[in-house]
Amino acid sequence: MKERVRSTNRIRLVLGTLCCGLLTATVIRAQAVAKPIPVPPPPMGWSSWNSFSNTVDSQIVMAQARAMISSGMHKAGYQYVNIDEGWWLGTRDSEGNIVVDPNAWPALAPSERAGDMSNIVRFIHSLGLKAGIYTDAGRDGCSMFPDLGPKYLHTGSEDHYQQDFLQFAKWGFDYVKVDWCGGYKENLDPAVQYAEIARAIARAETITGHRLYFSLCEWGKNSPWTWAPDVGGSPADIWRTSGDIVAPIVAGHEHADRKASFAKMLSNFDQGIHPEAEHTGYYNDPDMMVLGMPGLTDEQNRLHMALWAISGAPLIVGADLTKLSPTVLADLTNPNVLAIDQDPAGLQAVKVSEPEPGLQVWSKALAEPGKRAVLLLNRTASEQSIEVKWADLGLTGTAPHLTDAWTGKELHAAAGSYSTMVPAGDGMLLLVSGMERPMALYKPTVGEDAQASRGAVLCQHPVRFIHVEARPPMARIQIVYENPDPGPRYADLQVNGEMQTGIAFPSTGKTGAGYIWIQAVLDSGASANELTFSTACKPGPVIQSIAVQ
Ligand code: GLA
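Computed from a prediction, not measured in an experiment: that's the story for all the values here.

With that out of the way, let us pick up the overall build of the chain. Each helix and strand counted, the chain has 14 helices and 29 strands in total. Across the 549 residues that make up the chain, the buried fraction comes to 57%. Sequence separation of 24 or more characterises 73% of the internal contacts of the chain that already satisfy a separation of 6 or more. Accessible surface computed for the chain: about 21,000 Å², of which carbon and sulfur atoms make up 54%.

Written out as structure tokens, the structure is:
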């Protein structure tokens, strides 16, 4: 039953004329009596693929790990050193265990044995970094195609899921990327295979007590944003939404070099936008970055970083870290821009206006009330003026505080909007701090209210909110809930009877409620939207109320 909190809104309007968005938040928090629950940020690190392809070995990985430290990137937040395809040439022993080339992966200390991947993991960990590994969901992996090096068959984990993921965890890896070349070749169903993989990863984690971050790489062919947030009962941590940005230059039988493509980078950004699926610490992955690789200008590199930050994308660098220019390094480590990407609300940008084709305004709602990261993006071939209207960002009241996100320089915001000239093929990244428009609060429908407050098994008693008002272009929904478990509980969200996404509800601790944010596509024609949360007969979160902003 909808419960418009008119008194709250009245208070807010009075306070709103006096001060800023924080007061709005205070009022809302008092109403909800809940604390914000920060969600895991997108991963930050490096991957071997873009620069080294299938020639990767121990020497290369050690040099990159050292460069992550000496460049200051680790200090800025980068931590994963991910070994992509090419580490394994497809050999197994008689028991099916993976066998690696001892020359490529030698002993790194007297007590170590050559051909043991735990050597490189120990090295990476010794620098305070985390280690990532790679496999394929099918029998063959992507190394069935030659690249910078020759091709190799049987580099996939099919028929060995349990064995391989346990092995990765035992070696000490913290992250695993699972590609789809073999699965695609065999015409397998990705939702089925990746669910089996998710369960194998979960079992490996239980056996070893070691967390394996799950990077699902199906390139967006089968709309993974619709099923990856709930694959095998829990979400994949990140899921690829498109093909590779890097454009290999093919010479003879092998790809002779690597080049970044600006057009492909932009189209990967577009394909990665699925704000309804990106929330509570699980992210759309538009591919590892090409920033700093041959092919992009300084301006294009900076725009690339702004696009990945505003879409809350994983920041996995594909350039050779030993060769980064000071300009690229500054882009990669700018604290304001990293904070946009890593914001604890974990939401993705939404396109709020496109007054003319190619002139776009993107807005990412940040955790702090009234705060937005805004990108004015000019995709046309000439310099153009772009305007952002505060009302389009869901802000109200007087002019907000406005800064250039890259420099921190204060800008002049007029009462209704801000406009500026943006060069061709470039963007302006802004930080806006204003006052939120009023929220509409909803309680679960009568009857189920009592059930929800007892923390029922939700599959028998879905929690339903009716007459929920739309907020175009996308509703931002604050969910107040309790989860006393140490780990997340899960629920699926249906909007007007259609499955929208799986949602992870992190722990709120043993006492008290907390809130997370999601974004949902509601029917803007009606104020009759119905939102239903349900689980697969497991204890779910105790959902108390939602608020739409
Ligand atoms: C696919 C993936 C890339 C990379 C290569 C390795 O193309 O999308 O990210 O892992 O395979 O071959």
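Still more to cover.
When the terminal C-alpha atoms of helix H4 (residues 58-70) are compared, their 18 Å separation across 13 residues agrees well with the 18 Å that a helix rising 1.5 Å per residue should span. For H4, the set of buried residues is Ser58, Ile60, Val61, Met62, Gln64, Ala65, Ala67 and Met68. Against strand E2 (44-47), helix H3 (49-52), helix H5 (73-76), strand E3 (80-82) and helix H6 (118-126) lie the buried residues of H4. The residue sitting at the N-terminus of H4 and contributing the capping side-chain oxygen is Asp57; that oxygen lies 3.2 Å from the backbone nitrogen of Gln59. Backbone geometry just after H4 places Gly72 at a positive phi near 90°.

Taken together, Trp49, Asp84, Glu85, Tyr134, Cys142, Lys177, Asp179, Cys217, Trp219, Arg240, Asp244 and Met288 are the residues near the ligand. The side chain of Lys177 places a nitrogen or oxygen atom 2.8 Å from an oxygen atom of the ligand. At a separation of 2.8 Å, an oxygen atom of the ligand approaches a polar side-chain atom of Asp179. The fraction of the free accessible surface of the ligand (310 Å²) that becomes covered by protein chains is 92%.

In this section: the state of the cysteines. All chains considered together, the criterion is met by one disulfide. Paired through a disulfide, Cys142 and Cys181 show a sulfur-sulfur distance of 2.0 Å. Taking the torsion about the sulfur-sulfur bond, which here is approximately 90°, the covalent link between Cys142 and Cys181 counts as right-handed. One end of the pair, Cys142, is in the loop between strand E6 (130-136) and helix H7 (161-171); the other, Cys181, is in helix H8 (residues 181-185), and 39 residues separate them in sequence. The burial state of Cys142 is the same as that of Cys181; both residues are buried.

Position of Thr532 relative to the elements: it lies in strand E28 (residues 529-534). Reaching out from Thr532, the side chain makes a polar contact with the side chain of Arg464 at a distance of 3.5 Å. Apart from residues lying up to four places away in sequence, Thr532 is in contact with Pro462, Val463, Arg464, Asp492, Leu493 and Gln494.

What follows concerns the packing of helix H11 (residues 298-310) against helix H12 (residues 326-333). Describing two packed helices takes the angle between their axes plus the distance from one axis to the other. Put simply, H11 and H12 touch, their axes get as near as 9 Å, and they point 15° apart. Comparing their axes, H12 and H11 come out roughly parallel. H11 and H12 meet at a crossing whose hand is right-handed. The residues of H12 that touch H11, namely those facing Asp298, Asn301, Arg302 and Met305, are Thr327, Val328, Asp331 and Leu332. Taken together, the residues of the contact of H11 with H12 sort by class into three nonpolar, two polar and three charged.

So, on to the sheet that holds strand E19 (residues 410-411). Strand order in the open sheet formed by six strands is E14-E15-E16-E21-E18-E19, and the pairing between neighbours is antiparallel. Of all strands in the sheet, those with a lone pairing partner are strand E14 (350-356) and E19, marking the two edges. Relative to E19, strand E18 (residues 395-404) runs antiparallel, the two sharing two bridges. From the neighbouring strand, Leu402 faces E19, where its bridge partner is Leu411. Of the strands in this sheet, strand E15 (359-365), strand E16 (371-378) and strand E21 (426-436) touch H11, which is tilted by about 140° from E16.

With 13 residues, H11 extends 19 Å between its outermost C-alpha atoms, agreeing within 8% with the 18 Å of an ideal straight helix rising 1.5 Å per residue. Counting buried positions over the 13 residues of H11 gives ten, a clear majority of the element. Along H11, the positions that sit buried rather than exposed are Gln300, Asn301, Leu303, His304, Met305, Ala306, Leu307, Trp308, Ala309 and Ile310. Downstream of H11 by a residue or two, Gly312 has a phi angle that is positive, lying close to 60°.

All right, on to the sheet that holds E3 then. Strand order in this open sheet of eight strands is E12-E9-E8-E7-E6-E3-E2-E13, and the pairing throughout is parallel. Looking at strand neighbours, the two that pair on one side only are strand E12 (283-285) and strand E13 (315-317), the edges of this open sheet. Put simply, the sheet's adjacent strands are angled 25° from each other on average, direction ignored. Most of the contacts of H6 go to E6, to which it runs at about 145°, and overall it touches E3 and E6.

This part is about the packing of aromatic side chains. Within a pair of aromatic rings, the relevant descriptors are the distance that separates the centres and the angle that separates the planes. Taken as a whole, this structure holds 19 aromatic pairs when the rule is applied. Ring geometry for Phe168 versus Trp171: centroids 6.1 Å apart, planes at 35°, classification tilted. Of this pair, Phe168 and Trp171 both sit in helix H7, three residues apart, which is roughly one turn of the helix. Here the two residues Phe168 and Trp171 agree in accessibility, since each one is buried. Relative to Trp362, the ring of Phe269 lies with its centre 5.0 Å away and its plane at 70°, an arrangement referred to as edge-to-face. Of this pair, Phe269 sits in helix H10 (residues 262-271) while Trp362 sits in strand E15, placing them 93 residues apart in sequence. On the basis of relative accessibility, which here comes to 5%, the residue Trp362 falls in the buried class. Connected via pairs of aromatic rings, a cluster forms that spans Trp87, Trp88, Tyr161, Phe165, Phe168, Trp171 and Phe173.

Quick look at the confidence of the model for the chain now. Taken over all residues, the pLDDT of the chain has a mean of 90, while the share at 70 or more is 89%. Every residue in residues 1-31 scores below 50 in pLDDT, and together they form 51 contacts with partners more than four places removed in sequence or on other chains.

Here is what the cut-offs are and how they apply
Residues numbered from 1 in each chain as written. Predicted model: local features only at pLDDT ≥ 70, side-chain atom pairs only at ≥ 80, totals over all residues. Heavy atoms only, no water. Helix = DSSP H or I, 4+ residues; strand = E, 2+ residues; numbered from the N terminus. Buried < 20%, exposed > 50% of the residue type's maximum accessible area, 1.4 Å probe, protein only. Contact = heavy atoms within 4.5 Å. Areas by Shrake-Rupley, 256 points an atom, 1.4 Å probe, with all protein chains shown as cover. Expected span 1.5 Å × (residues − 1). Polar contact = N/O pair within 3.5 Å; in protein donor to acceptor, adjacent residues only side chain to side chain. Near = heavy atom within 4 Å. Disulfide = S-S within 2.5 Å. Axes fitted to C-alpha atoms, helices over the stretch in contact; angles between N-to-C directions. Parallel < 35°, antiparallel > 145°, perpendicular 65-115°, else oblique. Left-handed = near helix turned anticlockwise from the far one by under 90°. Nonpolar A, V, L, I, M, F, W, Y, C, P; charged D, E, K, R; others polar. Pairing = 2+ DSSP bridges. Phe/Tyr/Trp six-rings, centres within 6.5 Å; stacked < 30°, edge-to-face > 60°. pLDDT = per-residue confidence, 0-100.

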